[in-house]
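Each chain, letter by letter, is given below.
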Amino acid sequence: TPQNTEGLILRGRSLINEKRYQEGIVELKKAVELDPKHMQTYVDLARAYFALNDTAAAEKILRQALTVDARSTDIILALGDLQTTTGKQDQAASTYKQALEIAPENEGIYLRLAAFYQRQNKVADAEAILQKLASIKPQHENAHLHLWTTNAFLREAFDVIRAWGFRYKSCMVWVKPQIGMGNYWRVSHEFLLLGVRGNLAFQARTIRSWQLARRTV
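Summarised in this report is the structure supplied together with it.

About the thresholds
Residues numbered from 1 in each chain as written. Predicted model: local features only at pLDDT ≥ 70, side-chain atom pairs only at ≥ 80, totals over all residues. Heavy atoms only, no water. Salt bridge = Lys/Arg side-chain N within 4 Å of Asp/Glu carboxyl O. Helix = DSSP H or I, 4+ residues; strand = E, 2+ residues; numbered from the N terminus. Buried < 20%, exposed > 50% of the residue type's maximum accessible area, 1.4 Å probe, protein only. Phe/Tyr/Trp six-rings, centres within 6.5 Å; stacked < 30°, edge-to-face > 60°. Lys NZ or Arg CZ within 6 Å of the ring centre and 35° of its normal. Expected span 1.5 Å × (residues − 1). Pairing = 2+ DSSP bridges. Axes fitted to C-alpha atoms, helices over the stretch in contact; angles between N-to-C directions.

Section: the pattern of salt bridges
Pairing between side chains becomes possible if they bear opposite charge and their charged atoms approach one another. Taken as a whole, this structure holds 12 salt bridges when the rule is applied. Linking E27 and K30 is a salt bridge whose minimum nitrogen-to-oxygen distance equals 3.7 Å. Of this pair, E27 and K30 both sit in helix α2 (residues 21-34), 3 residues apart, which is roughly one turn of that helix. Given the relative accessible area of 13%, E27 is considered buried. In this structure K30 comes out as partly exposed when scored by relative accessible area, which is 39%. Each of R11, E27 and K30 takes part in salt bridges that share partners, so that together they form one network.

Here it is, written out as structure tokens:
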């Protein structure tokens, strides 16, 4: 049932946050059996396997997810990130491009691919991706842009804000109780950047600039 699946996912994530990876994997696998179409569960499993340095199992579970939904950009991007981390750069580039073909208006994928090229010192390729992203910019004269980004793509996000003709004004921080991955700190937050174009008034002035919230199930 949906309730049982959600409970298994929550328990699995909680165990993983406590670094009880094997126990968490058991719970998440049960959730997959009950609801094989819940793509985020596969991503959580892959992260748990990655934490155990079992990259082969992480890749296997992501490819299993693709047999259920071959067009899931969440899974494809997670696979690209894994390939990047394990040194499979050519495969990663192809995987990111596959995600872009599926969702050509998803700005996050452009940013992910541009950041990938920058890490490979392929500056011209990164600039070409950002220029392509700029070509799909919104056209409203008076508008607000709320752009999600992560640590890895923060600088590129400001490039997009400027390319779309907005002025950066502020940001909100999403604080996640779940511990994330990271090469330095274990990243447990994301940014919501605010860009302004024209004279559109900002309505919500009572909301604080950070929010504590779990990832949705």
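Brief notes about the packing of aromatic side chains
For the structure on display, the rule yields 4 aromatic pairs. With a centroid separation of 5.5 Å and an interplanar angle of 65 degrees, the aromatic rings of Y96 and F116 are classed as edge-to-face. Note that Y96 is positioned in helix α6 (residues 89-102) and F116 in helix α7 (residues 107-119), a separation of 20 residues in sequence. Under the relative-accessibility criterion, Y96 is labelled buried at 1%. Using a relative accessible area of 2% as the deciding quantity, one classes F116 as buried. Ring centres of F116 and Y117 lie 5.8 Å apart, and the angle between their planes is 55 degrees; on these two criteria the pair is classed as tilted. Here the two residues F116 and Y117 agree in accessibility, since each one is buried. Here the aromatic cluster, defined as three or more aromatic residues joined through ring pairs, consists of Y96, F116 and Y117. Directly above the aromatic system of W174 lies the positively charged group of K176, at a separation of 4.6 Å from the ring centroid. We note R208 situated over the ring of W210; from NZ or CZ to the ring centre the distance is 4.0 Å.

Details of helix α5 (residues 73-85)
Spanning 13 residues, α5 covers 18 Å between terminal C-alpha atoms, matching the ideal 18 Å at 1.5 Å per step. Burial within α5 is extensive, with 10 of its 13 residues counted as buried. Listed as buried for α5 are T73, I75, I76, L77, A78, L79, G80, L82, Q83 and T84. One or two steps after α5, the chain reaches G87, where phi turns positive at roughly 85 degrees.

Digging into the sheet that holds strand β3 (residues 189-197)
Reading across the sheet, the 4 strands line up as β1-β3-β2-β4 and stay open at both edges, with mixed pairing between neighbours. Each end of this open sheet is capped by a strand with a single partner; those strands are β1 (143-149) and β4 (210-212). If you compare each strand with its neighbour and ignore which way they point, the axes differ by 20 degrees on average. Bridge count for strand β2 (residues 167-175) against β3 is 8 bridges, and the pairing is antiparallel.

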